[in-house]
Amino acid sequence: MIEGIFVEGLIFSVMALGILISYRILDLADLTCDGSVATGAAVAAICITNGWGIPTAMVLAFIAGILCGLCTAAIHNHLHIPGLLAGILTMTMLYSVNLRILGNKANVPLVRVETLYDIFPAAFGFLSSSLASLLGTILLVLVVKVLMDLFFRCDMGMSIGALGGNEQVVISLGMNPSVLKYIALGLSNGLIALSGAMLAQYQGFADANLGQGMVVQGLAAIMLGEFLFNSNRISLITLRVILGSIIYKGLMFLGRRYGYLVGITPNDFKLLTGLLVIISLIVASTRIKAAEEKARRKAVERVMGGRKNA
């Protein structure tokens, strides 16, 4: 049971890392996630059921997610459509695309084929099935985290971070913001689709409606992580996203298990998730204002102290 919460949280954290790139690093409201997570699940499911192998399925799911992000970036860059609307358009179109990938079926089961979560217990035979799945997921998520940390420490990654902070700085350095948006949105949705591929294998099926509300859930996980500790280091930022995702899944589990005691049902979870995001935004805004006020007071005290000394 506890192992399952951690596994779900870790799988969910890969998607949250993708959302982190668009919403926090690039500062672009991208709703493609709700479509690309299902695309990753659909591509992986079809590849596995057709005997293409799990590594191939995972790689193709990642590439499919990149293509989804490139589509959003193209609509945003070349048609000059706001990022929010561009993401909505791509997300809407992806629903039909995902049904096509699934062979015009609403879902495809993975119960009679070997998946990632059949391989982990075999690879770590000295552990129970649940612990082996947890260990395998931890290793996979750590690889994703380390690669993401390395990318955002290189020149390209830092340029994307600068683009989210101030686009004019990037332009003054001779870089093309449109190209950076292609890279950032492609990587973001690639990770989201990879998470969808892992989730489909874990739950045993791929569904065209898998991505409904995933953006809001990902934002909730990111904001929960931000309450844990403050840092500008990319390694700690990605770590708190992973921890926030696990906490979010833990809260959802508690809501399902004990929510009846206070009249909460699974039908209320999306409402509660939305309220959690709103509360997090209010608290974050209050903390920023308090920090700015504290900095202003210190600046005034330094100026007044300098005048007295003079």
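Residues numbered from 1 in each chain as written. Predicted model: local features only at pLDDT ≥ 70, side-chain atom pairs only at ≥ 80, totals over all residues. Heavy atoms only, no water.

Within an unreviewed UniProt entry, the label attached to the chain reads ABC transporter permease, and the organism entered is Candidatus Aphodenecus pullistercoris. If you open the UniProt record of the chain and go to Subcellular location (unreviewed entry), you find "Cell membrane". (UniProt positions renumbered as here; feature names shortened; annotations may be inferred.)

Further remarks concern the overall build of the chain. When its secondary structure is counted, the chain shows 12 helices and two strands. Going from N to C terminus, the chain has its helices and strands arranged as α-α-α-α-β-α-α-α-α-α-β-α-α-α. Over its C-alpha atoms the chain spans a radius of gyration of 21 Å, differing by no more than 12% from the 19 Å that the globule rule assigns to 310 residues. Along the first, second and third principal axes, the C-alpha atoms of the chain reach 80 × 50 × 40 Å. Out of the 310 residues in the chain, the part that is buried amounts to 46%. Long-range pairs, those at least 24 residues apart, make up 76% of the contacts in the chain between residues at least 6 apart in sequence. Element-wise, carbon and sulfur atoms account for 66% of the exposed surface of the chain, whose accessible area totals about 15,500 Å². Distance between charge centroids for the chain: 8 Å, based on 22 positive and 16 negative side chains. (Helix = DSSP H or I, 4+ residues; strand = E, 2+ residues; numbered from the N terminus. Rg over C-alpha atoms; globule rule 2.2 N^0.38 Å. Buried < 20%, exposed > 50% of the residue type's maximum accessible area, 1.4 Å probe, protein only. Contact = heavy atoms within 4.5 Å. Areas by Shrake-Rupley, 256 points an atom, 1.4 Å probe, with all protein chains shown as cover. Lys, Arg positive; Asp, Glu negative; His and termini not counted. Charge placed at Lys NZ, Arg CZ, Asp CG, Glu CD.)

By size, the foremost hydrophobic cluster in this structure holds 77 residues, and its most contacted members are Met15, Ile19 and Leu20. Among the elements that take part in this core, helix α1 (residues 2–25) stands out by supplying 13 residues, more than any other. In this structure Ile19 touches Arg24, Cys33, Ser188, Ile192, Met214, Val215, Gly218, Leu219 and Ile222, once residues within four positions along its chain are discounted. (Core = buried A, V, L, I, M, F, W, Y, C linked by side-chain atoms within 4.5 Å.)

Moving on, we come to the UniProt feature "transmembrane region" (unreviewed entry) in the chain. Residues given the UniProt feature "transmembrane region" (unreviewed entry) here are residues 6–26, 58–76, 83–102, 122–148, 182–204, 210–229, 241–259 and 271–288. Annotation note: span residues 83–102, helix share 95%, strand share 0%, distance between end C-alpha atoms 28 Å. Secondary structure over residues 182–204 splits into 96% helix and 0% strand, and the C-alpha atoms at its two ends are 32 Å apart.

Every α-helical turn comprises 3.6 residues, leaving residues that sit three or four positions apart pointing alike. With 25 residues, helix α3 (residues 54–78) extends 36 Å between its outermost C-alpha atoms, agreeing within 8% with the 36 Å of an ideal straight helix rising 1.5 Å per residue. Positive phi shows up at His80, right after α3, with a value of about 55°. (Expected span 1.5 Å × (residues − 1).)

Helix α9 (residues 177–203) packs onto helix α7 (residues 155–165) with a crossing angle of 110° between their chain directions and a minimal axis gap of 10 Å. One finds that α7 runs roughly perpendicular with respect to α9. On α9, the residues that touch Met156, Ser159, Ile160 and Leu163 of α7 are Pro177, Leu180, Lys181, Ile183 and Ala184. Partitioning the contact of α7 with α9 into residue classes produces seven nonpolar, one polar and one charged. (Axes fitted to C-alpha atoms, helices over the stretch in contact; angles between N-to-C directions. Parallel < 35°, antiparallel > 145°, perpendicular 65-115°, else oblique. Nonpolar A, V, L, I, M, F, W, Y, C, P; charged D, E, K, R; others polar.)

Let us look at the pattern of salt bridges. For the structure on display, the rule yields two salt bridges. Across the salt bridge formed by Asp149 and Lys145, the nearest N and O atoms sit 2.7 Å from each other. Here Asp149 and its partner Lys145 are both found in helix α6 (residues 129–151), four residues apart, which amounts to about one turn of the helix. Lys145 matches Asp149 in its accessibility class, with the two residues each being buried. (Salt bridge = Lys/Arg side-chain N within 4 Å of Asp/Glu carboxyl O.)

This part is about the packing of α1 against α6. Relative to each other, α1 and α6 sit at 15°, their axes nearing to 8 Å. One way to sum up the angle between α1 and α6 is to call them roughly parallel. Where α1 crosses over α6, the two elements pack in a sense that is left-handed. Between α1 and α6, the contacting residues are Glu3, Phe6, Val7, Leu10, Ile11, Ser13, Val14, Leu17, Leu20 and Ile21 on the first element and Ser130, Leu131, Ser133, Leu134, Thr137, Ile138, Val141, Val144 and Met148 on the second. (Left-handed = near helix turned anticlockwise from the far one by under 90°.)

The phi torsion of most residues other than glycine is negative, and most of the peptide bonds are trans. Even without being a glycine, Asp27 presents a positive backbone phi close to 60°. Accessibility expressed as a relative area gives 56% for Asp27, which makes it exposed. The backbone phi angle of His80 is positive, close to 55°, even though this residue is not glycine. With respect to the helices and strands, the residue His80 is situated in the loop between α3 and α4 (83–101).

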